[in-house]
Amino acid sequence: DSGVTQTPKHLITATGQRVTLRCSPRSGDLSVYWYQQSLDQGLQFLIQYYNGEERAKGNILERFSAQQFPDLHSELNLSSLELGDSALYFCASSVDRGLVGNTIYFGEGSWLTVV
Amino acid sequence: AQKVTQAQTEISVVEKEDVTLDCVYETRDTTYYLFWYKQPPSGELVFLIRRNSFDEQNEISGRYSWNFQKSTSSFNFTITASQVVDSAVYFCALSEAGSGNTPLVFGKGTRLSVIA
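Figured I'd write up the structure that's included with this text. (Residues numbered from 1 in each chain as written. Chains lettered and ligands numbered in written order. Predicted model: local features only at pLDDT ≥ 70, side-chain atom pairs only at ≥ 80, totals over all residues. Heavy atoms only, no water.)

Section: the overall build of chain B
Spelled out, the test is: In this description a helix means any DSSP run of H or I spanning at least four residues, a strand means any run of E spanning at least two, and both kinds are numbered starting from the N terminus. This radius of gyration counts C-alpha atoms alone. The globule rule is 2.2 Å times how many residues there are, raised to the power 0.38. The contact criterion used throughout is that any non-hydrogen atoms of two residues lie within 4.5 Å. Here, Shrake-Rupley sampling with a 1.4 Å probe gives the accessible areas, and only protein chains in the shown set may cover a residue. Positive residues here are Lys and Arg, negative ones are Asp and Glu, while His and the chain termini are left out of the count. Positions of charges follow a simple convention, taking NZ of Lys, CZ of Arg, CG of Asp or CD of Glu.
When helices and strands are counted, chain B shows zero helices and 12 strands. The helix and strand sequence of chain B, counted from the amino end, reads β-β-β-β-β-β-β-β-β-β-β-β. Over its C-alpha trace chain B gives a radius of gyration of 14 Å, about what one expects of a compact globule, namely 13 Å for 116 residues. By its C-alpha atoms, chain B is 45 × 25 × 20 Å across when sized along the principal axes. Across chain B, the fraction of contacts at a sequence separation of at least 24, relative to all contacts at a separation of at least 6, is 56%. A total of about 5600 Å² of accessible surface is found on chain B, and carbon and sulfur atoms cover 48% of it. In chain B, the 10 positive side-chain charges and the 13 negative ones have mean positions that sit 3 Å from each other.

Some thoughts on the sheet that holds strand 1 (residues 5-7) of chain A
All names here are of chain A. Filter applied, for reference: Pairing between two strands is assigned when DSSP locates at least 2 bridges connecting them. The angle between two axes is taken between their N-to-C directions and runs from 0 to 180 degrees, where each axis is a line fitted to C-alpha atoms and a helix contributes only its stretch in contact.
On the basis of which strands lie adjacent, the open sheet formed by four strands has the order 1-3-8-7 and antiparallel pairing. Looking at strand neighbours, the two that pair on one side only are strand 1 and strand 7 (64-68), the edges of this open sheet. Shown here is a sheet whose adjacent strand axes are inclined to one another by a mean of 15°, direction ignored. As paired strands, strand 7 and strand 8 (residues 74-78) are joined by five bridges and run antiparallel to one another. Following the sheet pairing, Ser-65 is matched in strand 8 by Asn-77.

A closer look at the state of the cysteines
Residue and element names in this part refer to chain A. Definition in use: When the sulfur atoms of two cysteines come within 2.5 Å, that pair is taken as a disulfide. Residue burial is assigned from relative accessible area. The probe radius is 1.4 Å, only protein chains are included, and a residue is buried under 20% of its type maximum, exposed over 50%, and partly exposed in between.
Going through the model one piece at a time under the given rule, you end up with two disulfides over all chains. Residue pairing for Cys-23: its cysteine sulfur links by disulfide to Cys-91, the two sulfurs lying 1.8 Å apart. Taking the sign of the torsion about the S-S bond as the criterion, the disulfide between Cys-23 and Cys-91, at about -60°, is left-handed. Pair noted here: Cys-23 is in strand 3 (residues 19-24) and Cys-91 is in strand 9 (residues 87-94), with a separation of 68 residues, a long-range link. Judged by its relative accessible area of 0%, Cys-23 falls in the buried class.

As for the layout of surface pockets
Take a probe with the size of a water molecule and roll it over the atoms, and the empty space left behind shows itself. Keep this limit in mind: Two kinds of site are reported from a 1 Å grid over the protein atoms alone, namely cavities, where a 1.4 Å probe fits but cannot get out, and pockets, open sets with protein on both sides within 12 Å along at least five of seven lines, and residues are called lining when an atom falls within 4 Å of a point. Grid points are joined across faces, edges and corners, and a volume is the space filled by probe spheres set on the points. Residues are grouped as follows: Ala, Val, Leu, Ile, Met, Phe, Trp, Tyr, Cys and Pro are nonpolar; Asp, Glu, Lys and Arg are charged; all remaining types, including Gly, are polar.
As a volume, the largest pocket reaches approximately 590 Å³. Forming the boundary of the largest pocket are 26 residues, of which A:Gln37, A:Leu39, B:Gln39, B:Val89 and B:Arg111 lie nearest the centre. For the lining of the largest pocket, the elements supplying multiple residues, two or more each, are strand 4 (31-38), strand 9 and strand 11 (110-114) of chain A together with strand 10 (88-96) and strand 12 (110-115) of chain B. Among the elements that line the lining of the largest pocket, the one with the most residues is strand 12 of chain B, at four residues. For the lining of the largest pocket, the per-class residue count stands at 11 nonpolar, 11 polar and four charged.

Considerations on the pairing of strand 4 of chain A
For a regular strand, side chains alternate in direction, first toward one face of the sheet and then toward the other. Residue and element names in this part refer to chain A. Where burial is concerned, most of strand 4 is hidden: eight out of the eight residues are buried. The side-chain alternation of strand 4 yields two buried faces, one formed by Ser-31, Tyr-33, Tyr-35 and Gln-37 and the other by Val-32, Trp-34, Gln-36 and Ser-38. Between strand 4 and strand 5 (residues 42-50), which follow one another and run antiparallel, lie three residues. Pairing analysis gives seven bridges linking strand 4 to strand 9, with the strands arranged antiparallel. Across the sheet, residue Ser-31 finds its bridge partner in strand 9, namely Ser-94.

As structure tokens, then:
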């Protein structure tokens, strides 16, 4: 158990819909990352938040957005869903208290199926 | 730009054989961090090891060992006496020091099948 909690574990929704994935980082971790894993694209970095602020942005679509709340949990919002958005979405966290190279721990992922 | 290459897409071995998973990386930073993660069939990503660019000592943890060679930009992973439970996809990843903990860049992964 990495200590990173993601909900829901599985989600099936229709095209055009909107879903929210939730993540609770490990206790004490300030950074939260979102990754998307699909068969054709592998593990792709989407976005990183550090202590409530956006720190880095990767290949995140405009239809997707995220935020990190004062209690450090994070949500990834996916809207106008398309079939190609079906993937395993990972949340990860790291301590990041002025240190570099911290280990990044991953949650169990949220399986999203768009039908 | 940083890049990680895992040339072996799939490997199949018989139980108790040794197997080495290759990882080659590219980075312009002098300070960087290398990681290996395991993804079993259940889907979660399990952290295995982190190594910084200044520490070229090889590491052994039980049946697992890692060989880091800066001269060839490689960070290979060996499983000794493989077991069926080692069957998983293994990912190598790189993080540059940059201005903080830069996000991990992953290789495409190597799917290891250990046959009883």
